[in-house]
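Next come the chains, spelled out residue by residue.
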Amino acid sequence: MTRQRLLLEEMTWPEVEASIARGFTSVVVAAGAVEQHGPHLPLLVDAARGDRLALEVARRLGKTLVAPTIRVGCSEHHMGFAGTLSLRDSTFKAICTDYAVSLARHGFRAVLFVPSHGGNFEPLATMLDDLRDAVAPGCEVRAYTDLHGFVALWKEAVAEVAPEVVDRVGGHADIAESSEMLCIRPELVRDDLAAAGYVAGFDETVAERIFRDGFRAVTPSGVLGDARGMSRAIGERCIARAADGIAAALRSAP
Ligand SMILES: [Zn+2]
């Protein structure tokens with residue numbers, strides 16, 4: 001028997017049909033972004049991290065395929081920085097709906113959205129009921145929507161590998177995210193340009209300011225946290241921790 005592929009877009013239609021028949025009836029959809037990530041990381045960070053995260057989550061859930069990552073997301077709060085692309089919430093919702101409806105029509109029984117970009121969490125939470133109404137009966141839609149829980153997973157991971165730099169986890173282009181990129185696309189990390197950004201900590205107040213006034217009002221470099229000290233060891237632990245936490249949450253979601 002040939003090896004089971006998990007990446008939907010690399011499969012043929014008979015392979016997808018056979019996989020569904022064999023019980024691969026769940027599918028993960030990562031929702032990323034193409035947006036600024038400070039002076040040391042490229043714009044594709046959240047899209048590339050979404051590809052990896054979705055695969056890791058699917059492996060943990062078992063019998064789960066991976067749909068193509070939604071590469072551009074809701075990044076209005078990053079538009080103060082050149083190159084950022086942003087979808088309106090209505091566009092993002094339309095894309096998520098069309099993904100879920102398409103997948104459900106082929107017989108998938110669970111469509112699982114995993115945001116790999118902070119700006120997609122709230123829109124996903126808001127649209128979830130409508131997504132559920134839109135898909136064929138018998139298919140459930142779930143989403144991981146705990147942004148602060150996600151940042152907490154990164155903090156735990158960095159604390160395990162390098163406790164002396166755990167205060168450099170800030171949630172954006174920080175030591176956690178930069179370390180992940182050292183694992184995923186190392187040739188794109190300009191590590192000599194890593195510097196401290198806004199380091200006073202990511203909490204509800206900062207999140208509110210960012211979404212209201214834009215990222216640049218809080219951090220002129222576009223960095224929340226500090227990427228100095230990044231390493232592949234930290235990155236692998238961050239990816240694993242995030243995937244563990246998200247898989248567990250998706251398993252127990254209502
Ligand atoms: Zn990011």
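The rules we used
Residues numbered from 1 in each chain as written. Predicted model: local features only at pLDDT ≥ 70, side-chain atom pairs only at ≥ 80, totals over all residues. Helix = DSSP H or I, 4+ residues; strand = E, 2+ residues; numbered from the N terminus. Rg over C-alpha atoms; globule rule 2.2 N^0.38 Å. Buried ≥ 20, exposed ≤ 12 C-beta atoms within 10 Å, placed from the backbone. Expected span 1.5 Å × (residues − 1). Bend = angle between axes of the 7 residues up to and from the residue. Pairing = 2+ DSSP bridges. Axes fitted to C-alpha atoms, helices over the stretch in contact; angles between N-to-C directions. Contact = placed C-beta atoms within 7 Å. Right-handed = clockwise from strand over helix to strand, strands pointing away. Parallel < 35°, antiparallel > 145°, perpendicular 65-115°, else oblique. Left-handed = near helix turned anticlockwise from the far one by under 90°. Nonpolar A, V, L, I, M, F, W, Y, C, P; charged D, E, K, R; others polar. Domains from an automatic or database assignment. Core = buried A, V, L, I, M, F, W, Y, C linked by C-beta atoms within 7 Å.

### Structural notes on the overall build of the protein chain
Helices and strands together make up the secondary structure of the protein chain, namely nine helices and six strands. Against the 2.2 N^0.38 benchmark of 18 Å for 254 residues, the protein chain shows a C-alpha radius of gyration of 18 Å, consistent with a compact globule. For the protein chain, the spread of C-alpha atoms along the three principal axes comes to 50 × 40 × 30 Å. Expressed as a percentage of its 254 residues, the buried residues of the protein chain come to 49%.

### Remarks on helix H4 (residues 121-134)
For an α-helix the count is 3.6 residues per turn, leaving residues at separations of three or four pointing the same way. Compared with the 20 Å implied by 1.5 Å per residue over 14 residues, the 19 Å span of H4 between its first and last C-alpha is a close match. Considering bend angle alone, the principal kink of H4 is centred on Leu 128 and spans about 50 degrees. Those residues of H4 lying buried are Phe 121, Pro 123, Leu 124, Met 127 and Leu 131.

### Things to note about the sheet that holds strand S1 (residues 26-31)
Pairing in this open sheet of four strands is parallel, and the strands run S2-S1-S3-S4 from one edge to the other. For this open sheet the edge positions go to strand S2 (64-66) and strand S4 (140-143), each flanked by a neighbour on one side alone. If you compare each strand with its neighbour and ignore which way they point, the axes differ by 25 degrees on average. Bridge count for S1 against strand S3 (residues 110-115) is six bridges, and the pairing is parallel. Residue pairing across strands places Ala 30 opposite Val 114, the latter belonging to S3. Sheet strands touched by H4: S1, S3 and S4. Its angle to S4, the strand with the most contacts, is close to 170 degrees.

### A closer look at the pairing of S1
The element S1 is extensively covered by neighbouring structure, given that six of its six residues are classed as buried. The side-chain alternation of S1 yields two buried faces, one formed by Ser 26, Val 28 and Ala 30 and the other by Val 27, Val 29 and Ala 31. In this structure, S1 lies alongside S2, joined through three bridges in parallel fashion. Directly across from Val 27, in S2, lies its bridge partner Leu 65. Once you follow S1 into helix H2 (residues 45-61) and on to S2, the crossover reads as right-handed.

### As for the pairing of S4
Relative to S4, S3 is paired through four bridges, and the arrangement is parallel. Across the sheet, residue Phe 113 finds its bridge partner in S4, namely Ala 143. Running through H4, the crossover from S3 to the neighbouring parallel element S4 is right-handed.

### What to know about the environment of Arg 49
Tracing the backbone shows Arg 49 in helix H2. On the basis of neighbour count, Arg 49 is assigned to the buried category, with 26 C-beta atoms found within 10 Å. Each C-alpha atom, one on Arg 49 and one on Phe 24, is 23 Å from the other, the two residues being 25 residues apart in sequence. When near neighbours in sequence (up to four residues on either side) are disregarded, Arg 49 contacts Gly 32, Ser 116, Glu 180 and Ile 184.

### A closer look at the packing of helix H3 (residues 89-105) against H4
At a closest axis distance of 10 Å, the pairing of H3 and H4 adopts a crossing angle of 40 degrees. Regarding the angle of H3 to H4, the classification is oblique. Our pair here, H3 against H4, has a crossing hand that is right-handed. Facing H3, whose interface residues are Asp 89, Phe 92, Lys 93, Cys 96, Thr 97, Ala 100 and Val 101, H4 presents Pro 123, Met 127, Leu 131 and Ala 134. In terms of residue class, the contact of H3 with H4 is made up of eight nonpolar, one polar and two charged.

### A look at the domain arrangement of the protein chain
Assigned domains within the protein chain: domain 1 (8-146) and domain 2 (148-240). For domain 1 versus domain 2, the separation of C-alpha centres amounts to 22 Å.

### Overview of the environment of Ala 207
Looking at the secondary structure, you find Ala 207 in helix H7 (residues 204-213). By C-beta crowding, Ala 207 is classed as buried, having 20 other C-beta atoms within 10 Å.

### Things to note about the nonpolar core
In a soluble, globular protein the nonpolar side chains are often hidden away together inside. Val 27, Val 28, Val 29, Val 111 and Val 114 are the most contacted members of the largest nonpolar core, which totals 77 residues. The greatest single-element share of this core, amounting to eight residues, is contributed by helix H9 (residues 232-252). Residue-level mapping places this core at the junction of two domains, with at least three residues from each of domain 1 (8-146) and domain 2 (148-240). Not counting chain neighbours up to four residues away, the residues in contact with Val 29 comprise Ala 67, Ile 70, Tyr 99, Val 111, Leu 112, Phe 113 and Val 114.

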